[in-house]
Amino acid sequence: MAGGVGSRFWPASREDKPKQFLDIAGDGRSLLRMTFDRFLKLTTADKIYIVTNARYKDLVLEHLPEINAGQVLCEPSRNNTAPCVAYTAFKLHSLDPDANFVIAPSDALIVNDSLFAANINKALRFTSENDALVTLGISPDAPHTGYGYIQFIDEQTGTEDVYPVKRFTEKPDLETAQGFLNSGDYLWNAGIFIWRAKTILEAYERFAPEIYALLSQGLNYYNTEEEQSFIDEFYPQTPSISVDYAIMENAKNIYTIPAQFGWSDLGAWGALYHETDKDSDGNVLSGNIITEDTHNSYIRGPQGKLVVVGGVDDLLIIDEGDVLLVYPRNREQEIKALRAKAEAEH
Ligand code: GDD
Ligand code: MG
């Protein structure tokens with residue numbers, strides 16, 4: 001899934017080039033490319049599909065020259081992840097009624113790609129034998145309100161490391177999240193799902209009947225020349241909702257595998273700050289930066305520009321294109337709204 005806007009990474013992440021196409025982690029590859037490379041350890045390039053907004057098709061092909069245009073599923077409108085997952089499932093089911101697949105975001109940082117591959121293979125074995133919706137779970141270390149929470153039941157399913165899920169709660173408020181954290185039987189949803197196309201489509205039929213009814217009208221069109229014109233007409237009519245709210249909060253056959261691979265959601269600047277090695281003043285500097293009496297700040301400047309910062313602490317300073325953002329680091333969640341305001345006024 002590479003169709004989000006990444007608005008909390010503004011002003012680096014822009015409408016015409018969202019964060020999945022940026023080298024956010026600073027390793028020379030975009031987040032999309034890093035995700036793709038991770039999956040190349042599990043399968044071949046021809047088995048990897050990218051589902052994104054139509055406007056990013058060329059960008060995707062530029063970042064992933066190994067794939068062909070037919071592997072880019074183009075959404076005509078932004079309707080969040082529930083319609084996006086349903087479209088993917090219908091298409092894969094029409095290619096192969098037994099299709100067993102992984103759906104992953106393109107905005108996560110994963111430390112150990114081999115452990116990731118081992119977890120995914122285990123999940124795929126489980127879903128090939130069970131009508132199960134599997135999600136990878138992360139041990140929580142804070143009452144983060146931007147994640148889904150998975151309450152798992154500590155009993156084995158017959159398959160090692162696979163646990164039944166009692167309840168899934170998307171983006172709880174702070175008080176609820178704190179209660180979940182204290183109870184010790186919750187994991188964060190990594191947003192990486194494993195299931196057979198048939199199993200997830202049954203869940204849509206039951207829990208998201210509107211999306212199911214609309215996209216099932218294309219059964220004769222998927223993987224034909226008519227696919228895009230069908231999608232262009234029907235996809236925009238689907239309700240805008242995430243797969244977490246539409247399916248995961250409602251389905252009963254959910255299982256989780258606690259992940260061991262080291263994960264961070266690169267959801268906002270603060271996450272990047274936390275994941276990156278700091279200098280002796282606690283700063284993370286990206287670009288040509290000089291600091292004086294400056295601490296615990298994330299500073300990012302463009303190539304060919306010297307950025308000099310002095311006498312300030314705990315800031316985000318992002319100089320990118322035609323925007324310079326200076327903001328308290330602990331108020332990063334406000335950047336989404338700030339971006340909307342800035343774009344409305346300019
Ligand atoms: N194709 C497509 N179309 N992709 C989309 C769309 C869309 O309309 N909207 C979002 N995406 C992509 C994003 O680019 C990202 O890779 C992924 O889908 C997840 O969307 P986010 O918007 O980043 O979701 P989130 O971070 O708020 O929440 C999800 O991820 C958390 C972990 O990072 C949920 O699954 C949470 O439960 C989970 O904890
Ligand atoms: Mg996200």
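About the criteria used
Residues numbered from 1 in each chain as written. Chains lettered and ligands numbered in written order. Predicted model: local features only at pLDDT ≥ 70, side-chain atom pairs only at ≥ 80, totals over all residues. Heavy atoms only, no water. Helix = DSSP H or I, 4+ residues; strand = E, 2+ residues; numbered from the N terminus. Buried < 20%, exposed > 50% of the residue type's maximum accessible area, 1.4 Å probe, protein only. Contact = heavy atoms within 4.5 Å. Polar contact = N/O pair within 3.5 Å; in protein donor to acceptor, adjacent residues only side chain to side chain. Core = buried A, V, L, I, M, F, W, Y, C linked by side-chain atoms within 4.5 Å. Pairing = 2+ DSSP bridges. Right-handed = clockwise from strand over helix to strand, strands pointing away. Phe/Tyr/Trp six-rings, centres within 6.5 Å; stacked < 30°, edge-to-face > 60°. Lys NZ or Arg CZ within 6 Å of the ring centre and 35° of its normal.

1. Structural notes on unusual backbone geometry
Put simply, tryptophan 10 and proline 11 share a cis peptide bond, and its omega is 5°. Here proline 11 lies in the segment before α1 (31–40). The backbone phi angle of asparagine 80 is positive, close to 70°, even though this residue is not glycine. Tracing the chain through its elements places asparagine 80 in the loop between β2 (72–75) and α3 (81–95). Residue classification places asparagine 80 among the partly exposed residues on the basis of a relative accessible area of 41%. The phi dihedral of aspartate 293 is positive, around 50°, even though this residue is not glycine. Positionally, aspartate 293 belongs in the loop between β12 (288–292) and β13 (298–300). Looking at aspartate 293, the relative accessible area reads 52%, which means it is exposed.

2. Topic: the environment of serine 240
Inspection of the secondary structure puts serine 240 in the loop between α8 (227–234) and α9 (243–248). Taking the C-alpha atoms as reference, serine 240 lies 17 Å from proline 105; in sequence the two are 135 residues apart. Ignoring sequence-local partners within four residues, the contact set of serine 240 consists of Arg78, Asn79 and Asn80. Here asparagine 79 takes part through its backbone oxygen, which lies 3.5 Å from a polar atom of the side chain of serine 240.

3. Focus on the nonpolar core
Among the nonpolar cores identified, the biggest contains 43 residues, and Trp195, Ile200, Tyr204, Leu215 and Ile247 are the most heavily contacted of them. Take this core: its biggest share by element is 8 residues, from α3. Those residues in contact with isoleucine 247, other than ones at most four positions away along the chain, are Leu133, Ile200, Ala203, Tyr204, Phe207 and Ala208. Membership of the second largest hydrophobic core comes to 40 residues, among which are Ile50, Tyr56, Ala108 and Trp188.

4. Here's the deal with the pairing of β2
Every second residue of β2 is oriented toward a common face, with Val72 and Cys74 on one face and Leu73 and Glu75 on the other, all of them buried. Relative to β2, strand β1 (residues 50–53) is paired through 4 bridges, and the arrangement is parallel. Across the sheet, the residue bridging to threonine 52 is cysteine 74, located in β2. Crossover connection from β1 via helix α2 (residues 57–63) to parallel β2: handedness right-handed.

5. Looking at the packing of aromatic side chains
Under the defined criterion, the tally for this structure stands at 20 aromatic pairs. Judged by centre distance (4.0 Å) and plane angle (15°), the ring pair of phenylalanine 180 and tyrosine 186 falls under stacked. Exposure class is identical for phenylalanine 180 and tyrosine 186. Each is buried. Taking 6.4 Å as the distance between ring centres and 55° as the angle between the ring planes, the aromatic pair formed by tryptophan 188 and tryptophan 263 counts as tilted. With tryptophan 188 in strand β8 (residues 186–196) and tryptophan 263 in strand β10 (residues 263–265), this pair connects stretches of sequence that are 75 residues apart. Accessibility classification places tryptophan 188 together with tryptophan 263 in one group, the buried group. Through successive ring pairs, a cluster of aromatic residues spans Tyr87, Phe90, Tyr212, Tyr221, Tyr222, Phe230, Phe234 and Tyr235. The lysine or arginine in question, arginine 38, covers the ring of phenylalanine 116, its NZ or CZ lying 5.8 Å from the ring centre. A cation sits over an aromatic face here: lysine 278 above tyrosine 273, 4.8 Å from the ring centre.

Interpretation in functional terms is not warranted from these geometric data alone.
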